[in-house]
Amino acid sequence: MISTHRLSVLAAAALLAGCASVSPDGLRSDVTSLTAGRTGGVAQAALPAMDPSARAKAQQSIDGWLAQPLTQDAAVRIALLNNPGLQARLAALGVADAERVQAISLPNPHLTLGRFTNSQEREIERTLAFGLMDLITLPWRTQREAERLQIATLQAAQDVVQLAADTRRAWLRAVAAEQVAATHDRMVEAAEVGAELARRMAQVGNWSRLQQAREQAVLHEANSQRARARLAAATAREDLNRRLGVWGAQAQYQLAAQLPPLSATALPADGIEATALRERLDVQAARRQLDTQAVRQGWSRAGAVFGDIGLAYSRNIATDRATGSSDIKRGWEIELPLPLFDWGGAARTRAQAEVEQSAAQLQDTAVRARSEVRAAWLTYRTALDLARQQQAEVVPLRQLISD
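Residues numbered from 1 in each chain as written. Predicted model: local features only at pLDDT ≥ 70, side-chain atom pairs only at ≥ 80, totals over all residues. Heavy atoms only, no water.

Looking at the overall build of the chain
A count of helices and strands for the chain gives 11 helices and 4 strands. In the chain, the proportion of contacts linking residues at least 24 apart, taken out of those at least 6 apart, comes to 77%. Of the accessible surface of the chain, which amounts to about 25200 Å², a share of 57% is contributed by carbon and sulfur atoms. (Helix = DSSP H or I, 4+ residues; strand = E, 2+ residues; numbered from the N terminus. Contact = heavy atoms within 4.5 Å. Areas by Shrake-Rupley, 256 points an atom, 1.4 Å probe, with all protein chains shown as cover.)

Observations concerning the confidence of the model for the chain
Counting all residues, the mean pLDDT for the chain is 84, and 88% of those residues have values of 70 or more. No element of the chain has a lower mean pLDDT than helix H1 (residues 4–19), which averages 53, and none a higher one than helix H8 (residues 209–244), which averages 94. (pLDDT = per-residue confidence, 0-100.)

A closer look at a nonpolar patch on the surface
On the surface, Leu111, Leu113, Leu128, Tyr313, Trp332, Ile334 and Leu336 cluster together to form a nonpolar patch covering roughly 810 Å² of accessible area. Counting residues per element, the ones that place at least two in the nonpolar patch are strand S1 (110–117) and strand S4 (326–335). Tracing the sequence through the fold places leucine 336 in the loop between S4 and helix H11 (345–402). Assessed through its relative accessible area of 52%, leucine 336 is described here as exposed. (Patch = residues over 30% accessible without salt bridge, like charges linked within 9 Å, V, L, I, M, F, W, Y side chains within 5 Å. Salt bridge = Lys/Arg side-chain N within 4 Å of Asp/Glu carboxyl O. Buried < 20%, exposed > 50% of the residue type's maximum accessible area, 1.4 Å probe, protein only.)

So, the packing of helix H2 (residues 28–35) against helix H7 (residues 138–203)
The contact between H2 and H7 brings their axes to 9 Å, and the two run at 60 degrees. Of the possible angle classes, the one that applies to H2 and H7 is oblique. The crossing of H2 and H7 is right-handed. Between H2 and H7, the residues in contact are Asp30, Val31, Leu34 and Thr35 and Gln150, Thr153, Leu154, Ala156, Ala157, Val160 and Val161, respectively. Each residue belonging to the contact of H2 with H7 can be placed in one class, and the counts come to 7 nonpolar, 3 polar and 1 charged. (Axes fitted to C-alpha atoms, helices over the stretch in contact; angles between N-to-C directions. Parallel < 35°, antiparallel > 145°, perpendicular 65-115°, else oblique. Left-handed = near helix turned anticlockwise from the far one by under 90°. Nonpolar A, V, L, I, M, F, W, Y, C, P; charged D, E, K, R; others polar.)

Observations concerning H7
Under the 1.5 Å per step criterion, the end-to-end length of H7 is 95 Å for 66 residues, consistent within 8% with the ideal 98 Å. Backbone geometry just downstream of H7 places glycine 205 in the positive-phi region, at approximately 90 degrees. (Expected span 1.5 Å × (residues − 1).)

A word on unusual backbone geometry
Even without glycine at this site, leucine 27 takes up a positive phi of about 65 degrees. Here leucine 27 lies in the loop between H1 and H2. A relative accessible area of 7% places leucine 27 in the buried class.

Here we look at the side chain of arginine 237
Along the chain, the position of arginine 237 falls in helix H8. Using a relative accessible area of 15% as the deciding quantity, one classes arginine 237 as buried. In terms of polar contacts, arginine 237 uses its side chain to reach the side chain of glutamate 178, at 3.0 Å. Dropping the residues within four chain positions of it, arginine 237 is found in contact with Ala174, Glu178, Ala251, Gln252, Tyr253, Gln254 and Leu255. (Polar contact = N/O pair within 3.5 Å; in protein donor to acceptor, adjacent residues only side chain to side chain.)

Some details on the nonpolar core
Among the nonpolar cores identified, the biggest contains 45 residues, and Val31, Leu70, Trp171, Leu240, Leu244, Tyr253 and Leu255 are the most heavily contacted of them. Going through the elements one at a time, helix H3 (52–66), helix H4 (72–82), helix H5 (84–104), H7, H8 and helix H10 (281–306) are the ones with two or more residues in this core. With residues near it in sequence (within four places) discarded, leucine 70 still touches Trp65, Ala75, Ile78, Trp171, Leu240, Leu244, Tyr253, Gln254, Leu255 and Ala256. Grouped together as the second largest cluster of nonpolar side chains are 6 residues, Leu277, Ala286, Leu362 and Ala369 included. (Core = buried A, V, L, I, M, F, W, Y, C linked by side-chain atoms within 4.5 Å.)

This is the structure:
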């Protein structure tokens, strides 16, 4: 006989299952808290809301940012609010939350009604049945679904951080490409002046046709370089537009005129791998995935073999047609699967393979995180050194040559 304590535990589990509900904001607040401090200076950047009034207010903010010269931080804020891919990812997180609530909710009981007659009596059957294993495994399923939702939240937060980083790079490339294109415009102007001077000098006989041809070749080369620079600027701007999620009239914004100043000191390389393994959200998600699969492995075989245990209560009334007397029969029945063909071996093998898969994915994610952070630091340091050299030596030298 089931003890009072177990009955109270099952009743509490059933009550919790009945009280489970989806997050009102689609877990956007959880994603925001995870990404705080990871979006490159934009603290507590807003994410697209589910409320139509909040979306309208966000659109007003976006229009205000686009009406001014677009800064790097403003570009990140617009991307996080307006990028369609991120909106789809956050909507998928809401779907995962709804699936969690549905998974931990007890299935509806089944009511069976029957009416049977013969020449002597009429019988009415009423049976109420529900799955017993669904109630017994509810606490474990609740914990598992919570872990799965936490993994999905970490993955969504990683997408937010990645979008912010990609938007910053796209903004830097777009601004740099426009500055390069403006420089080529000035080079073409200088080449046009040189070609006009050569034409006049050759006209009065002071220059040869060869000298004039050289100046014309310089002009053609300058025009070709300007065309390539304009193409690069347009391509970089379109890449930024995709990150921002803008098109048409919204894409006619003006970029900031200057790139941010170079940092005075370079970031050190000490401890960057340990920081990546500790702080990267994809590593945390892979670690949680491994923990979830390891816990699930212990329940996989029992769930496959005994997952269809059912309990039913019946109340049958048999009425004698001749006398009108009724006989009521009450009772319960339990339905147990017989493991004659499936002993859960396949389920156990699958669970073990999933644990091995999660362990390998965690190792692969950690190795990739170490490699990516090393490559990113080398790229950053090389770019910083080259930028300092360009600023201190190459640009003054080019200016002297141009003068």
